[in-house]
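Analysis of the macromolecular model
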Amino acid sequence: MLGKAIKNEFVNREKPLLLIFLAIFGMGIVVRVFRIIQNASDNTVATLMLVLVSVVYGISLTAAGVITFFAPVKDFRDRMFKDQGYLTHTLPLSIPTLLCSRIVMDLFTMLQISIFFPLSMVFAAGTKDVFKQIVDFITIMVKIFTKEVNSELVGTTLILTLACVAAQYLTNTWIMCAGYTIGHSVFNKNKRVLSIIFTILIAILFIVFFGTLVNSLFNDVEIDMFNDIDEGLELTNKVLLLALVIQLVATAINITLVGIIFKKKLNLE
């Protein structure tokens, strides 16, 4: 039954996401084509066209990021409390199985984001070393204002930052799903307002817990970032790694919370 539930998730959620990913991938190719034209002609018109296309590409990446972020939450709202929820009453389909299928789809979406977005940027830049160039650029900028810096530490920081961004996709998704579930299932009036309130409260709780934990673990650490940038980056990497763990734990807690509420009171429409 889990396999059928996962298939149902892919059928209902993958097509619009795939169109978005293919669109930004295509935009990356378009930028690359204009970059080739600009390099070959090297005139003002070609340069302006490249700048215009690059701006549109940047806006498209931002829009795609926003849409892919809100897509699972919208699907959760539209399907979980309607057709998908009714399946638990008409088929031998349990709530844990239903949630597992959604998690699998969320992880697959996160994987697609991690592949298509960077790949699009590689095509747009016209070089597979685009991320190395980013690391080199950051390293150079740091050296301008501080002393020498270990580029490997910069690379590790960049990787951990991207990992945290990916994990935050899951965390934010399930914070909103948990907030919506509480507001919709626990209460009978003002469901939308309460859903928003509980989403904000859960998010604040997550931020406060993370801030308190970081403060307690690293409160005694004193680092002069301008004079010892490497040690500062090492501390940053430890904080990012801690953030990654907390994000995954928070996601698991919110999923569990949704499952418990569903088991006790799934308020179908």
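Scroll up to find the structure this text is about.
The structure contained in this document is the topic of the report that follows. (Residues numbered from 1 in each chain as written. Predicted model: local features only at pLDDT ≥ 70, side-chain atom pairs only at ≥ 80, totals over all residues. Heavy atoms only, no water.)

It is worth spelling out the packing of aromatic side chains at this point. In total, this model carries six aromatic pairs according to the counting rule given. Both rings, one in Phe-76 and one in Trp-174, keep their centres 6.0 Å apart while their planes meet at 75 degrees; by these two values the pair is edge-to-face. Taken together, the residues Phe-76 in helix H2 (residues 44–80) and Trp-174 in helix H6 (residues 151–186) connect sequence positions 98 residues apart. Neither residue differs from the other here; Phe-76 and Trp-174 are each classed as buried. Residues Phe-76 and Phe-262 carry aromatic rings whose centres are separated by 6.1 Å and whose planes lie at 10 degrees to one another, so their mutual orientation is stacked. Of this pair, Phe-76 sits in helix H2 while Phe-262 is found in helix H8 (residues 229–264), placing the two residues 186 residues apart along the sequence. Relative accessible area serves as the criterion here: at 1%, Phe-76 is assigned to the buried category. Taken together through their ring pairs, the aromatic side chains of Phe-21, Phe-116 and Phe-117 make up a single cluster. (Phe/Tyr/Trp six-rings, centres within 6.5 Å; stacked < 30°, edge-to-face > 60°. Helix = DSSP H or I, 4+ residues; strand = E, 2+ residues; numbered from the N terminus. Buried < 20%, exposed > 50% of the residue type's maximum accessible area, 1.4 Å probe, protein only.)

Okay, the environment of Thr-62 next. Positionally, Thr-62 belongs in helix H2. By relative accessible area, which is 54% here, Thr-62 ends up exposed. A polar contact of 3.0 Å, which involves the side chain of Thr-62, links it to the backbone oxygen of Gly-58. (Polar contact = N/O pair within 3.5 Å; in protein donor to acceptor, adjacent residues only side chain to side chain.)

This part is about the layout of surface pockets. Roughly 370 Å³ of internal volume is contained in the second largest pocket. Lining the second largest pocket, in full, are Phe-70, Val-73, Lys-74, Arg-77, Met-176, Tyr-180, His-184, Lys-191, Arg-192, Ser-195, Ile-196 and Thr-199. Looking at the lining of the second largest pocket, the elements that each hand over two or more residues are H2, H6 and helix H7 (191–218). The dominant element in the lining of the second largest pocket, judged by the number of residues it contributes, is H7, at five residues. For the lining of the second largest pocket, a count of residues per class yields five nonpolar, three polar and four charged. (1 Å grid on protein atoms, 1.4 Å probe; cavity = no way out; pocket = protein on both sides within 12 Å on 5 of 7 lines; lining within 4 Å. Points joined across faces, edges and corners; volume = space filled by probe spheres on them. Nonpolar A, V, L, I, M, F, W, Y, C, P; charged D, E, K, R; others polar.)

Everything listed here is a matter of geometry and, on its own, says nothing about what the molecule does.
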